[in-house]
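Observations on the three-dimensional arrangement
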Amino acid sequence: MKPLRVLIIEDSPDDADLLVLELARAGFEPAARRVASRAELERALAEPWDIVISDYDLPGFDAPAALAMVREKEPDVPFVIVSGVVSEAAAVACMKAGAQDFVSKNNLARLASAVSRELLDARTRRERREALERLRQAEERYRLIVESVRDYAMFMLDPSGRVTSWNPGAERLTGWSEAEVTGRSHAIFYPEDARARGEPEAHLEIARREGSHHEERQRVRKDGSIFWAESSLHAIEKASADQGFSVVLRDITERKRLVDDLREAVRVRDEFLAIASHELRTPLTSLKLQVQSLLAKRESPNGPKLDEKLRLVERQVGRLNDLIGGMLDVLRITSGKMTLSRERVDLVDVVRDVVARAQPTIERAGYVVEVKADGPVVGHWDRLRLETVAANLLSNALKYGERKPVEIGVSAENGRARLTVRDQGIGIPPEAQARIFERFERAVPIRHFGGLGLGLWITRQIVEAHGGAIRLESRQGGGTTFTVELPM
Ligand code: ADP
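A quick note: this is a predicted structure, and the numbers were derived from the prediction, not measured.

All right, on to the overall build of the protein chain then. Scanning the protein chain for helices and strands turns up 14 helices and 19 strands. Scaling as 2.2 N^0.38, a compact globule of 488 residues should have a C-alpha radius of gyration of about 23 Å, whereas the protein chain reaches 48 Å, well beyond that. A total of 488 residues make up the protein chain; the buried ones form 40% of that total. In the protein chain, of all internal contacts separated by at least 6 residues, the share reaching a separation of at least 24 is 61%. Looking at the protein chain as shown, the accessible area adds up to about 27400 Å², and 53% of this sits on carbon and sulfur atoms. Here the protein chain holds 74 positive side-chain charges and 77 negative ones, and the gap between their average locations is 9 Å.

What follows is the structure in structure tokens.
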């Protein structure tokens, strides 16, 4: 048996000895210490005690005062008063203040049973207090977790789906504060149409039946705005009838947006492939027909002139070549393989060359192209690439210029060369003006105007690789002017 640590508050050593004897007789192994003053008690309370037995009246000191000191240090230790003469009122006051029992010195035989009972009670009290403390700590930990989570809304619903708890993440996500939302139905987080279909109730029903319900769906914030959320609704396992639910919501709007962007990119690519194959096939079909008719002509002396046919074939081949060349340019640029071979180049010379080469097209389409330049504009550039720039802008002007005069200007100012290509054609709607510099983007239907939507993108890449910039001014139906500026 473990010795019983007994603290005896008693001015009479004999009385204290009697108490110890009585306890030993009842089978305890008392390890006792006697104190008789506040100072001694104060010192003794530095050690742990299993029980405190106190006389009522001590010189300059009494049981209520001793009890107060003991309780301050040891809230659970049993405190038993053993005294000779005490009024009933004093005894009651002591019990009210927390003394566990009162034993008369005339009836010490009752001491041992009182001590046994109090020790047991004290243990129960201590265990309950410790259990409560563990519970409080567990709750505190849970609260800290739930409260520190900002990216997830976590809240609880009562069995009818009304909010009973709310974390800061939920407030951040939905805009509802805890005070506003408590007691409201979780249906307020559903969009109008989902509410009309009875989804909030249906989801609770599924969770009740199957334990949980998960989905990705649109939700509503307090201000009515919509966001995409991944939600988990769990039925809380509880024996009692008032089963409720826990809900975790995560905002996945950004993820949805990325998926939509990717889908859009795939759509644009597919559209491009459709246009590209169409565009490549048109000259090919024509070529095939020409070749077939050339072959047939060998037998027919009345066929159209061979020269003309051959020129047509040549043009179509040239067009195929340009289209494929453009696609290859794109591949080179996107894979980062575009390197510039810079040399001394006269931009005026480049433009005149390009126009000369396009002369057959210009004439055939019935255009007049005028080049305006005061003198050479020389810089350190990649000549072939600048030819591509001028050719692309000219070819667009001839495509969209409605056969009205096209004007190309080359000039220099403050160390920068400027190339302008002005047409008086269909123009570009304002909403399309930024977009058309992107890959595959076009502002006209493929039915009316062929093209892959790559020319302006390639042009911009080349201009920017030279440290320059390209811009446009256009009015719908009022013509377009592209301006390229290059550092010299
Ligand atoms: P495309 O092969 O379609 O011509 P571009 O990249 O050269 O490709 O041009 C993209 C789009 O910009 C064209 O589809 C057209 O809608 C518009 N565009 C380009 N240049 C002009 C212009 N001079 N006048 C009107 N629209 C133009």
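There is more to say, and it comes next.
Let us look at the site of the ligand. Near the ligand lie 20 residues; those nearest to it are Tyr400, Asp423, Arg442, Ala443 and Leu456. Arg442 has a polar side-chain atom sitting 2.7 Å from an oxygen atom of the ligand. Here an oxygen atom of the ligand sits 3.2 Å away from a polar atom, N or O, in the main chain of Gly455. Burial of the ligand by the protein chains amounts to 97% of its free accessible area of 530 Å². Contributing elements (two or more residues each) for the shell around the ligand: helix H13 (383–400), helix H14 (455–465) and strand S19 (480–487).

The next subject is the nonpolar core. Within the largest apolar cluster, 52 residues are counted, with the highest numbers of intra-cluster contacts made by Leu347, Leu393, Leu394, Leu419 and Phe482. When near neighbours in sequence (up to four residues on either side) are disregarded, Leu394 contacts Val354, Val355, Ala358, Val369, Val406, Ile408 and Val421. Formed by 23 residues, the second largest nonpolar core is a distinct cluster that contains Ile9, Ala44, Phe61 and Val70.

With 18 residues, H13 extends 26 Å from end C-alpha to end C-alpha; this agrees with the ideal 26 Å at 1.5 Å per step. Within H13, 13 of the 18 residues are buried, which leaves the element mostly enclosed by the surrounding structure. Just downstream of H13 lies Glu402, where phi reads positive at about 50°.

The next subject is a nonpolar patch on the surface. A cluster of nonpolar side chains, namely Ile324, Leu328 and Leu331, defines an oily patch on the protein surface of about 270 Å² accessible area. If you trace the backbone, Leu331 turns up in helix H11 (residues 306–334).

Here five strands make up an open sheet; going across it, the order is S14-S16-S17-S19-S18 and the pairing mixed. Edge positions in the open sheet fall to strand S14 (369–373) and strand S18 (469–474), since each of these has one partner strand only. On average, adjacent strands in this sheet sit at an angle of 15° to one another, irrespective of strand direction. As paired elements, strand S16 (residues 406–413) and strand S17 (residues 416–422) share seven bridges and run antiparallel to each other. Each bridged residue has a counterpart across the sheet, and for Ser411 the counterpart in S17 is Arg418. Each of S14, S16 and S17 is contacted by helix H12 (residues 347–365), which is oriented at about 170° to S14, the strand it contacts most.

This part is about the sheet that holds strand S2 (residues 30–35). The sheet built from five strands is open, its strands ordered S2-S1-S3-S6-S7 with parallel pairing. Unpaired on one side and paired on the other, S2 and strand S7 (101–104) mark the two borders of the sheet. Taken pair by pair, the neighbouring strands of this sheet meet at an average axis angle of 25°, ignoring direction. Two strands pair when backbone bridges link them, and strand S1 (residues 4–9) and strand S3 (residues 51–54) are joined in this way by four bridges, in the parallel orientation. Bridge pairing in S3 links Val6 to Ile51. Strands in contact with helix H1 (residues 13–25) are S1, S2, S3 and strand S6 (79–83); relative to S2, the strand with the most contacts, it is inclined by about 165°. Docked against the sheet, helix H3 (residues 63–73) engages S1, S3 and S6, running at close to 160° with respect to S6.

Moving on: the pairing of S3. Alternating residues of S3 divide into Ile51 and Ile53 and Val52 and Ser54, and every residue in both groups is buried. Of the strand pairs in this sheet, S3 and S6 are connected by three bridges, and their pairing is parallel. The partner of Ser54 across the bridge, within S6, is Ile81.

On to helix H5 (residues 111–148), then. With 38 residues, H5 extends 54 Å from end C-alpha to end C-alpha; this agrees with the ideal 56 Å at 1.5 Å per step. Listing the buried residues of H5 in full gives Leu111, Ala112, Ala114, Val115, Glu118, Ala122 and Val146.

In the structure shown here, the tally under the stated rule is four aromatic pairs. Seen in terms of ring centroids, Phe437 and Phe482 are 6.2 Å apart; in terms of plane orientation they differ by 85°. Their pairing is edge-to-face. Of this pair, Phe437 sits in the loop between S17 and H14 while Phe482 is found in strand S19, placing the two residues 45 residues apart along the sequence. The exposure classification of Phe437 matches that of Phe482, with both residues buried. Among the aromatic residues, those joined into a ring-pair cluster are Phe155, Trp166 and Phe189.

Cut-offs applied
Residues numbered from 1 in each chain as written. Predicted model: local features only at pLDDT ≥ 70, side-chain atom pairs only at ≥ 80, totals over all residues. Heavy atoms only, no water. Helix = DSSP H or I, 4+ residues; strand = E, 2+ residues; numbered from the N terminus. Rg over C-alpha atoms; globule rule 2.2 N^0.38 Å. Buried < 20%, exposed > 50% of the residue type's maximum accessible area, 1.4 Å probe, protein only. Contact = heavy atoms within 4.5 Å. Areas by Shrake-Rupley, 256 points an atom, 1.4 Å probe, with all protein chains shown as cover. Lys, Arg positive; Asp, Glu negative; His and termini not counted. Charge placed at Lys NZ, Arg CZ, Asp CG, Glu CD. Near = heavy atom within 4 Å. Polar contact = N/O pair within 3.5 Å; in protein donor to acceptor, adjacent residues only side chain to side chain. Core = buried A, V, L, I, M, F, W, Y, C linked by side-chain atoms within 4.5 Å. Expected span 1.5 Å × (residues − 1). Patch = residues over 30% accessible without salt bridge, like charges linked within 9 Å, V, L, I, M, F, W, Y side chains within 5 Å. Salt bridge = Lys/Arg side-chain N within 4 Å of Asp/Glu carboxyl O. Pairing = 2+ DSSP bridges. Axes fitted to C-alpha atoms, helices over the stretch in contact; angles between N-to-C directions. Phe/Tyr/Trp six-rings, centres within 6.5 Å; stacked < 30°, edge-to-face > 60°.

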